[in-house]
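# Understanding the architecture of this molecule
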Amino acid sequence: MSLLFLLACQTKQLPIKKQPMKPKINKSDAEWEKILTPQQFHILRRKGTDLPGTGKYTYHFENGIYKCAACGAPLFKSEHKYESHCGWPSFDNAIPGAIIMQPDYSHNMIRTEILCANCGGHLGHIFDDGPQETTGKRYCVNSTSLNFMKTNHHSDQ
Ligand SMILES: [Zn+2]
């Protein structure tokens, strides 16, 4: 009797199955196109890539926070940033919970895509060739996906 009840409950709950990887903000392409510049839309919503060495934050090393250019969610701190000489802004860590990762099989490669956890905007990819003295990870991010906000004081971490 109780087993039947349980099964019935589970069947009932199926349509509202939780998807933990889903971003909090869900806008249509038309809505994003109104908010973003054509370049931001291309990178963030169409998973484009800045040309290497062209991004405004590649050689940018001020103290502050790098936020998502689409939704403003804080993603990286300046102390996470390091010079990787790969042509894109590189970070060895991210603000906890700020990033979603998912497999990316495009361009005949197996890579891990990184997205803003808040709006699902495409940021770049994560690789395992980061600095060994810290995390060993390289968050390779498009400058177009970021908005830097300067902070006057060093962060508390
Ligand atoms: Zn975002």
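Now for a quick tour of the structure. Just so you know, these numbers come straight off a predicted model, no measurement behind them. (Residues numbered from 1 in each chain as written. Predicted model: local features only at pLDDT ≥ 70, side-chain atom pairs only at ≥ 80, totals over all residues.)

## Description of the nonpolar core
If you look at soluble globular proteins, the nonpolar side chains tend to sit buried side by side. Basically, it comes down to this: The nonpolar core criterion groups buried Ala, Val, Leu, Ile, Met, Phe, Trp, Tyr and Cys residues into a set whenever they are joined through C-beta atoms within 7 Å. Labels follow a simple rule on C-beta atoms placed from the backbone: if 20 or more others lie within 10 Å of a residue's own, it is buried; if 12 or fewer, it is exposed; otherwise it is partly exposed. We call two residues in contact when their backbone-placed C-beta atoms lie within 7 Å.
In terms of nonpolar packing, the biggest core is built from 24 residues, with Cys68, Ala70, Leu75, Ala94, Cys116, Tyr139 and Val141 touching the most fellow members. Residues contacting Cys116, with those up to four places away along its chain left out, are Pro23, Cys68, Ala70, Cys71, Ala73, Leu75, Gly121 and Leu123.

## A look at the sheet that holds strand 2 (residues 74-77)
Quick reminder of the rule: At least two bridges found by DSSP between two strands are what make those strands a pair. Comment: elements are numbered from the N terminus, with helices defined as DSSP H or I runs of at least four residues and strands as E runs of at least two. Axes here refer to lines fitted to C-alpha atoms; in helices the fit is confined to the stretch in contact. Angles between the N-to-C directions go from 0 to 180 degrees.
Across the sheet, which stays open at both edges, the three strands sit in the order 2-1-9 with antiparallel pairing between neighbours. Among the strands making up the open sheet, the edge pair consists of strand 2 and strand 9 (146-150). Direction aside, the axes of adjacent strands within the sheet are offset by 30° on average. Here strand 1 (residues 64-68) runs beside strand 2; their pairing, made up of three bridges, is antiparallel. Directly across from Lys67, in strand 2, lies its bridge partner Pro74.

## Some words on the environment of Ile126
Following the sequence through the fold, Ile126 ends up in strand 7 (residues 122-127). Between the alpha carbons of Ile126 and Thr112 there is a distance of 5.7 Å; along the sequence they are 14 residues apart. Setting aside chain neighbours within four positions, we find Ile126 in contact with Met101, Thr112, Ile114, Lys137, Arg138 and Tyr139.

## Let's talk about the sheet that holds strand 6 (residues 111-116)
The antiparallel open sheet is built from six strands, whose spatial order is 3-4-8-7-6-5. Unpaired on one side and paired on the other, strand 3 (81-82) and strand 5 (99-104) mark the two borders of the sheet. As paired strands, strand 4 (residues 90-91) and strand 8 (residues 138-141) are joined by two bridges and run antiparallel to one another. Bridged to Ser90 within strand 8 is Cys140.

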